[in-house]
Amino acid sequence: MSGASGVGKTVQFSTRRSAPPQLAHYLTVVQGVTIERAVPVTAETLILGRDPSRAFHLPDSDVSRSHCEVFLVGDDVYVRDLGSTNGTFVDGVRVAQATPLRVSSRLEVGRHTFRHELLSPEDVARHQQFAKDLELARRHVEALLPAPRASGPVRTDWCFVPSSVLGGDALGYHDLGGGRLALYLLDVCGHGVASAMYSSVVFNAVRCQTLPDTDFGDPAAVLARLNDAFQMDAHNDMYFSIFYGVLDPASRSLRYSSAGHPPAIVLGADGRIRSRLVRKNPPIGAMPRRVFGQDEARLEPGDRLFVFSDGAFEIRDTEGRERGLEDFERELVATASGKLPGDPRRVYERVCAVTGTDLLLDDFTLLAVELDASASA
Amino acid sequence: MDLEILEESESLTRVALKGRLDTAGVDRIETRLNAVLGGRKHALLDLSDVTFLSSLGIRMLISVAKMLDRRGQKLVLVAPRPLIDQALRHSSLDEIIPVAADVDGARMLLNS
Amino acid sequence: MSDAPFALAFPNDAASLAGARRKVQEHLEACGVDETALHAVDLVLEELGGNVLRYGYDGASGRPIHVEVWTAPGIVRVALTDDARPFDPTRHPEPARASSLREARIGGHGISLVRKFARSMRYRRDGEKNRIEVEVARSAG
């Protein structure tokens, strides 16, 4: 009924009945990334930690590299803290020595919460099916993103990494006629499936230009129309931030407006920050009947515009220190190499290095747009 | 728990919270407060009509303050009633979020 | 405190806790308890009752939580009894004091807040039940 369960642990011959043969012990994710996962708990020790080599890898900067271990002895699951910085909690109580984790009890590690459950093969199949569904949805979302433009008067590249498979961010650009390019990046509050669904709806309204009576070459008008159409009260208390710009490469003018969004950064050909583009409007949906202003920036040949969402910089580093916008701007300047293709991905990897994880807890979305260096001055 | 926008200028948003900031109150107001304070401006939160502040209310205030701080904006709490002020001090919240007795005092804190 | 307590029971959901808090407030107001003590009692029930609801049950509903309230000169005593999993709030550590907003951790302030507004807090595990008793100062008059 039992076997050796690893070095240093006593084997217990349990006289209680073991779980019915069709049910097995699992840790299911209640909160955190990888929300669809159900991980089996066996006699073999399962170590949870931030280190990518850990069997249960948690990309969470609040989690120690080897944070705690979970194992099965007979028919009981135990958890033991491995000297973590922020502690391991069972049902809200901090634990150190091997502590029982009863069925349906909660295990909290960093910003992740798990539940110990007895699952049947059908339950596990359902978890796996859900994971597959999420993956299909993710591919659908990714298919809507426009291809990077490697040549021409305006070049583009982007990096789009939702947290937990689906996220609330979206980015895009499309030709408006007359050589102009509309470009936009939006961030729905929260993250996860509900935010992703709302994000898709809004994104399509902009991408397919389905807002009625709207001049999509007029950023202020686009934001006002979006705000009329997507008020919080009528949409389950959801709201979103957005940066919307219209770039005319012939005149090198960028008309733009933003709502609740971090400033977009313009890097000159010399790699330094030339300007920050932002309008201080509340997010879309927060207040009815607003007038959104807009500004116009004149770009120089070789200028690169970087538009991003909060997930890029609202992060914690490996020492647990919270980073902010100024830190991100420094990372951006240090990483942007002057060759546009690949820059957004490089910035993403740099941010991951700062947090010490390979996946961030919020959506990372970065759009880069470059005006050709040989454009008429 | 209700929320009312008292003032919105180029550089700041002033919002009044009214009622009890307990579990139910926070539930009702938190998302809307985050939305209304999402305009990348400094924020003044008028607490003169807040009659009760629980640990969940404190948690919400810290969360909002952190959100603004990450974006380079400040939050100032204004005119809490005596019992609320006591709760802010007992949880040492007044050491990390500035509290002003009135709006003028709050504006001075923002400009400093 | 020789008088029989004001007692009520309510099921373990948020709306019922809110209702129980209201009834306790009404009773204590009728007893002439001052505003500061009223506020402290309300905080005790919101924090400790809230904790039981959030952490005590795994989705089980309809479980009874009992509240008893006694008044005496200078003191109001509140006792909360539940059959949730064992939890001793008096063992709950004080949250670390943050010196800046960036360092501040969100959460963990509830029990420490109760400690500051109350005179004493005692916990007892009684068979299958948790029982917590809190005493709050009240002004004379």
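These lines cover the structure that appears in this document, whether it is placed above or below. Owing to the predicted nature of the structure, the values given are computational and were not obtained by experimental measurement. (Residues numbered from 1 in each chain as written. Chains lettered and ligands numbered in written order. Predicted model: local features only at pLDDT ≥ 70, side-chain atom pairs only at ≥ 80, totals over all residues.)

1. Considering the overall build of chain C
Here is the rule: Only DSSP runs of H or I with at least four residues qualify as helices, and only runs of E with at least two residues qualify as strands; both kinds are numbered from the N terminus onward. For a compact globule the rule gives 2.2 Å times the number of residues to the power 0.38, and the radius of gyration it is set against comes from C-alpha atoms. With C-beta atoms placed from the backbone, a residue counts as buried when 20 or more other C-beta atoms lie within 10 Å of its own, as exposed when 12 or fewer do, and as partly exposed for counts between those limits. Think of it this way: build a C-beta for each residue from its backbone, and any pair within 7 Å is a contact.
A count of helical and extended segments in chain C gives three helices and five strands. Its helices and strands taken in sequence order, chain C reads β-α-α-β-β-α-β-β from the N to the C terminus. Rg of the C-alpha trace for chain C: 15 Å, near the compact-globule value of 14 Å for 141 residues, within the 12% margin. For chain C, the spread of C-alpha atoms along the principal axes amounts to about 45 × 35 × 25 Å. With 141 residues in all, chain C has 30% of them scored as buried. Nonlocal contacts in chain C, meaning residues at least 24 apart in sequence, comprise 68% of its contacts between residues at least 6 apart.

2. Describing the overall build of chain B
Secondary structure assignment for chain B yields four helices and five strands. Counting helices and strands in the order they occur from the N terminus, chain B gives β-β-α-β-α-β-α-β-α. A compact globule built from 112 residues would reach a C-alpha radius of gyration of about 13 Å, and chain B, at 12 Å, matches this within 12%. Taking the principal axes of the C-alpha coordinates as reference, chain B spans close to 30 × 25 × 25 Å. The proportion of buried residues among the 112 residues of chain B is 54%. Sequence separation of at least 24 residues holds for 71% of the intrachain contacts in chain B that already meet a minimum separation of 6.

3. Examining the sheet that holds strand β1 (residues 6–11) of chain C
All names here are of chain C. Under the convention used in this document: We call two strands paired when DSSP finds no fewer than two bridges between them. Axes here refer to lines fitted to C-alpha atoms; in helices the fit is confined to the stretch in contact. Angles between the N-to-C directions go from 0 to 180 degrees.
A sheet is described by the order of its strands in space; here five strands give the open sequence β1-β2-β3-β5-β4, paired in antiparallel fashion. Both outer strands of the open sheet, β1 and β4 (120–126), are each paired with one neighbouring strand and no more. Strand-to-strand twist in this sheet, taken as the mean axis angle between neighbours without regard to direction, amounts to 15 degrees. As defined by bridge partners, strand β2 (residues 64–72) adjoins strand β3 (residues 75–82) across seven bridges and the pair is classed as antiparallel. Its bridge partner lying in β3, Glu 68 is registered against Ala 79. Strand contacts of helix α1 (residues 14–30): β1, β2 and β3, with the helix running at about 165 degrees to β1, the strand carrying the most contacts. Helix α2 (residues 35–55) rests against β2, β3 and β5 (129–137) of the sheet, and its axis sits at about 15 degrees to β3.

4. A few points about the sheet that holds strand β15 (residues 240–248) of chain A
Residues and elements named next belong to chain A. Taken in spatial order, the five strands of this open sheet run β13-β14-β15-β16-β19, and their pairing is antiparallel. Since the sheet does not close on itself, it has two edges, and those belong to β13 (169–177) and β19 (295–298), each with one partner. Ignoring which end each strand starts from, the neighbouring axes of this sheet average 20 degrees apart. Here helix α2 (residues 193–207) sits on the sheet and contacts β13, β14 (180–188) and β15; the angle it forms with β14, its principal contact strand, is near 165 degrees.

5. So, the interface of chain C and chain B
Heads up, the condition is: Residue type decides the class: Asp, Glu, Lys and Arg count as charged, Ala, Val, Leu, Ile, Met, Phe, Trp, Tyr, Cys and Pro as nonpolar, and the leftover types, Gly among them, as polar.
At the interface, 21 residues of chain C touch 20 residues of chain B. Counting residues per element, the ones that place at least two in the side of chain C that touches chain B are α1, α2 and α3 (110–117) of chain C. The greatest single-element share of the side of chain C that touches chain B, amounting to seven residues, is contributed by α2 of chain C. Residues that form the side of chain C that touches chain B fall into these classes: eight nonpolar, seven polar and six charged.

6. Let's talk about the pairing of β15 of chain A
All names here are of chain A. Counting buried positions along β15 yields eight of nine residues, so the element is predominantly enclosed. Sheet topology note: the β14/β15 ladder contains eight bridges and is antiparallel. Directly across from Leu 185, in β15, lies its bridge partner Phe 243. With seven bridges joining them, β15 and strand β16 (residues 253–259) adopt antiparallel strand pairing. Note that in β16 the partner of Phe 243 across the bridge is Ser 258. Counting the residues in the hairpin turn of β15 and β16 gives four residues, including Arg 252, whose phi is positive at 60 degrees.

7. Observations regarding the nonpolar core
Heads up, the rule is: For this analysis, nonpolar core means a set of buried Ala, Val, Leu, Ile, Met, Phe, Trp, Tyr and Cys residues linked through C-beta atoms within 7 Å.
Within the largest apolar cluster, 129 residues are counted, with the highest numbers of intra-cluster contacts made by Phe 306 and Leu 366 of chain A together with Val 44 of chain C. Among all residues touching Phe 306 of chain A, those that are not within four sequence positions of it are Ala 264, Ile 265, Leu 267, Leu 332, Leu 366 and Ala 368 of chain A. Counting residues in each nonpolar core, the second largest holds 19 residues, with Cys 68, Val 70, Val 77 and Phe 114 of chain A among its members.

8. Examining the environment of Arg 276 of chain A
All names here are of chain A. Along the polypeptide, Arg 276 turns up in strand β18 (residues 273–277). Accessibility expressed as a C-beta count within 10 Å gives 13 for Arg 276, which makes it partly exposed. The sequence separation of Arg 276 and Pro 263 amounts to 13 residues, and the corresponding C-alpha distance is 5.6 Å. Apart from residues lying up to four places away in sequence, Arg 276 is in contact with Pro 263 and Ile 265.

9. Regarding the environment of His 127 of chain A
Residue and element names in this part refer to chain A. Here His 127 shows up in helix α1 (residues 121–143). Accessibility expressed as a C-beta count within 10 Å gives 19 for His 127, which makes it partly exposed. Between the alpha carbons of His 127 and Gly 293 there is a distance of 47 Å; along the sequence they are 166 residues apart.

10. Thoughts on the interface of chain A and chain C
Taken together, the contact pairs five residues of chain A with four residues of chain C. Across the side of chain A that touches chain C, the residue classes break down as no nonpolar, two polar and three charged.

11. A look at the packing of helix α1 (residues 23–36) of chain B against helix α2 (residues 55–70) of chain B
Residues and elements named next belong to chain B. Let me state the cut-off plainly: Angles are sorted into four bins: roughly parallel if under 35 degrees, roughly antiparallel if over 145, roughly perpendicular if 65 to 115, and oblique for all others. Crossing handedness: left-handed means the near helix sits turned counterclockwise from the far one by under a right angle, and right-handed means the same turn made clockwise.
Between α1 and α2, the least distance of the axes is 9 Å, while the angle of their chain directions is 10 degrees. By the angle between their axes, α1 is roughly parallel relative to α2. The handedness of the crossing between α1 and α2 comes out as right-handed. Two secondary-structure elements touch here, α1 through Thr 23, Gly 25, Val 26, Glu 30, Leu 33 and Asn 34 and α2 through Leu 56, Gly 57, Met 60, Val 64 and Met 67. Among the residues making up the contact of α1 with α2, the classes are represented as six nonpolar, four polar and one charged.

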